[in-house]
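Geometric and topological summary
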Amino acid sequence: MLALTMLPEGNAMAQTPIIIKFSHVVANDTPKGKAALRFKELAEKATKGRVKVEIYPNSTLYKDKEELEALQLGAVQMLAPSLAKFAPLGVKEFEVFDLPYIFPSLAVVYRVTQGQIGKNLFSKLESKGITGLAYWDNGFKVMSANRPLHMPADFKGLKMRIQSSKVLDLQMRALGANPQVLGFSEVYQALQTGAVDGTENPPSNLYTQKMYEVQKDITLSNHGYLGYAVIVNKKFWDGLPWDIRSALTQAMEEATQYANKIAQQENDAGLAGIKKTGKTTIYRLTDKETAAWRAALLPVRTQMEGRIGKDLIDAVNRESAALGYK
Ligand code: LMR
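Before going into details, it helps to say that this report is about the structure given with it. Treat the numbers as computed from the prediction; the structure is a model and nothing was measured. (Residues numbered from 1 in each chain as written. Predicted model: local features only at pLDDT ≥ 70, side-chain atom pairs only at ≥ 80, totals over all residues. Heavy atoms only, no water.)

1. Brief notes about the side chain of S144
Examined against the element boundaries, S144 turns out to sit in strand β7 (residues 142–145). A polar contact is formed between the side chain of S144 and the side chain of Q215, at a distance of 2.6 Å. Excluding anything up to four places from it in sequence, S144 contacts L149, M160, G198, T199, L206, Q215, D217 and I218. (Helix = DSSP H or I, 4+ residues; strand = E, 2+ residues; numbered from the N terminus. Polar contact = N/O pair within 3.5 Å; in protein donor to acceptor, adjacent residues only side chain to side chain. Contact = heavy atoms within 4.5 Å.)

2. Notes on the site of the ligand
Taken together, V25, V26, K32, S82, K85, R161, Q163, F184, N201, N205, L226 and Y228 form the complete shell of residues around the ligand. In this structure, an oxygen atom belonging to the ligand sits 2.7 Å away from a side-chain N or O atom of K32. Q163 has a polar side-chain atom sitting 2.8 Å from an oxygen atom of the ligand. (Near = heavy atom within 4 Å.)

3. Looking at the sheet that holds strand β11 (residues 217–219)
Reading across from one edge, β10-β7-β11-β13 is the order of the four strands in this open sheet, with mixed pairing throughout. The open sheet has two free edges, formed respectively by β10 (199–201) and β13 (281–283), since each of these has just one partner strand. Taking each pair of neighbouring strands and ignoring which way they run, the sheet shows an average axis angle of 25°. Note: β7 against β11, three bridges, orientation antiparallel. Residue pairing for β11: S144 is matched across the bridge by I218. (Pairing = 2+ DSSP bridges. Axes fitted to C-alpha atoms, helices over the stretch in contact; angles between N-to-C directions.)

4. Remarks on the pattern of salt bridges
A full pass over the atoms with the stated rule returns 13 salt bridges. Here R307 and E95 are joined by a salt bridge, their closest N and O atoms 2.7 Å apart. With a gap of 212 residues between them, R307 in helix α12 (residues 305–308) and E95 in the loop between β5 (78–79) and α3 (106–113) connect regions that are remote in the sequence. Owing to a relative accessible area of 1%, E95 belongs among the buried residues under this scheme. A salt bridge links K310 to D314; the nearest nitrogen and oxygen atoms lie 2.7 Å apart. Highlighted residues: K310 and D314, both in helix α13 (residues 310–322), separated by four residues, approximately one helical turn. Looking at D314, the relative accessible area reads 25%, which means it is partly exposed. Each of E126, K234 and D238 takes part in salt bridges that share partners, so that together they form one network. (Salt bridge = Lys/Arg side-chain N within 4 Å of Asp/Glu carboxyl O. Buried < 20%, exposed > 50% of the residue type's maximum accessible area, 1.4 Å probe, protein only.)

5. Regarding the pairing of strand β8 (residues 159–162)
Taken together, the four bridges between β8 and strand β9 (residues 178–181) define a ladder with parallel strand orientation. Within β9, the residue paired with M160 across the bridge is P179. You can see the chain leave β8, run along helix α5 (residues 166–174) and come back into β9, and the turn it takes is right-handed. (Right-handed = clockwise from strand over helix to strand, strands pointing away.)

6. Comments concerning unusual backbone geometry
Even without glycine at this site, K48 takes up a positive phi of about 50°. Here K48 lies in the loop between α1 (31–46) and β4 (51–56). You will see that N222, though not glycine, has its phi angle at about 50°, which is positive.

7. Quick look at the pairing of strand β3 (residues 18–23)
Where β3 and β4 come together, six bridges link them in parallel fashion. Bridge assignment links I19 to a residue of β4, and that residue is K52. With α1 bridging β3 and the parallel β4, this β-α-β connection has right-handed handedness. Sheet topology note: the β3/β5 ladder contains two bridges and is parallel. When the sheet's bridge partners are listed, F22 is paired in β5 with M78.

8. Some remarks on the nonpolar core
Counting 36 residues, the largest nonpolar core has F94, F97, L99, F103, L125 and I231 as the members making the most contacts within it. Within the residue set of this core, elements represented by two or more residues are α2 (64–73), α3, α4 (116–123), β6 (130–140), β12 (225–233) and α13. Broken down by element, this core gets its largest block of residues, four residues, from α13. Those residues in contact with F97, other than ones at most four positions away along the chain, are L83, I102, F103, V112, T113, L121, Y135 and Y225. Counting residues in hydrophobic clusters, the runner-up holds 29 residues, among them F22, L248, A251 and M252. (Core = buried A, V, L, I, M, F, W, Y, C linked by side-chain atoms within 4.5 Å.)

9. Quick word on the packing of α1 against helix α9 (residues 242–277)
A packed helix pair is summarised by two numbers, namely the angle formed by the two axes and the spacing between the axes. Packing of α1 against α9 brings their axes to within 8 Å, and their N-to-C directions diverge by 155°. By the criterion of interaxial angle, the relationship of α1 to α9 is roughly antiparallel. Of the two elements, α1 crosses α9, and the hand of that crossing is right-handed. Seen from α1, the contacting residues are P31, K34, A35, R38, F39, L42, A43 and A46; seen from α9, they are A247, L248, A251, M252, E254, A255, Y258, A259, I262, A263, E266 and N267. Split into classes, the residues belonging to the contact of α1 with α9 amount to 15 nonpolar, one polar and four charged. (Parallel < 35°, antiparallel > 145°, perpendicular 65-115°, else oblique. Left-handed = near helix turned anticlockwise from the far one by under 90°. Nonpolar A, V, L, I, M, F, W, Y, C, P; charged D, E, K, R; others polar.)

Shown next, in the form of structure tokens:
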């Protein structure tokens with residue numbers, strides 16, 4: 001659709017729209033997928049068609065490995081990668097979000113992402129040619145495999161797929177498993193062929209990628225958090241007309257509120273969908289089992305201080321304490 005710019009004498013002059021290619025790796029009917037579509041709707045409406053957002057879901061344009069480089073090259077203008085995928089950019093601090101049990105609730109997540117810590121992390125992207133616009137929620141992760149995962153000992157020897165994060169690598173080793181970094185688009189086939197035995201994700205991702213077809217067991221561990229940073233190519237963003245940038249900022253704010261509003265319900269629906277297939281046994285840990293998981297995983301936090309920064313970890317813990325969590 002061509003945007004029309006009204007000239008002084010009232011004649012309309014057709015203007016080619018500014019194109020935002022928004023690439024991501026999940027299905028449309030996920031928290032991130034739906035939020036991206038909502039941003040498209042809001043952005044095109046707010047700019048009266050002067051901006052056109054092209055959404056490329058499910059790794060159809062770029063896969064995990066390629067997308068950040070494509071953004072830096074300007075081949076794509078917007079991404080929303082998992083916060084576990086920023087270390088390859090040289091910003092290891094984002095892996096604070098991957099620490100097991102670092103967030104006792106979503107309220108603490110929002111204090112971090114919507115406060116000074118979130119801003120400070122975004123400032124580290126600027127030197128990489130990237131501007132951070134927002135943080136979108138997905139939710140707490142569950143573990144899946146083809147054997148029951150009740151106690152840490154059940155992970156022994158399992159090849160567990162992880163995102164490209166050293167914290168997640170150590171997390172799986174702390175459970176006695178062998179971590180394997182794979183792009184999200186490769187996970188289903190790797191599980192199907194046995195190249196890996198299990199994985200972790202919020203239920204919405206497991207469901208929409210049909211992983212219940214290749215995973216007999218899910219444990220509702222909620223052992224870690226998965227969220228996103230919505231990021232743009234800095235040169236593109238700074239080069240926009242100020243009124244367009246302002247309209248897109250407002251559209252992103254509304255899309256972020258929407259993303260965080262629907263995330264939990266999308267994950268609840270994903271879990272219900274998995275249950276309905278009858279293909280996967282869903283196990284809820286007992287308090288005793290949760291205590292054993294925490295005992296095995298909490299040391300990851302201190303072991304990662306050198307990589308992430310003790311100050312940053314302490315700052316996140318202070319946000320928990322501010323809400324009364326020990
Ligand atoms: C994963 O790779 O497991 C997730 O980051 C996919 C996503 O973007 O939710």
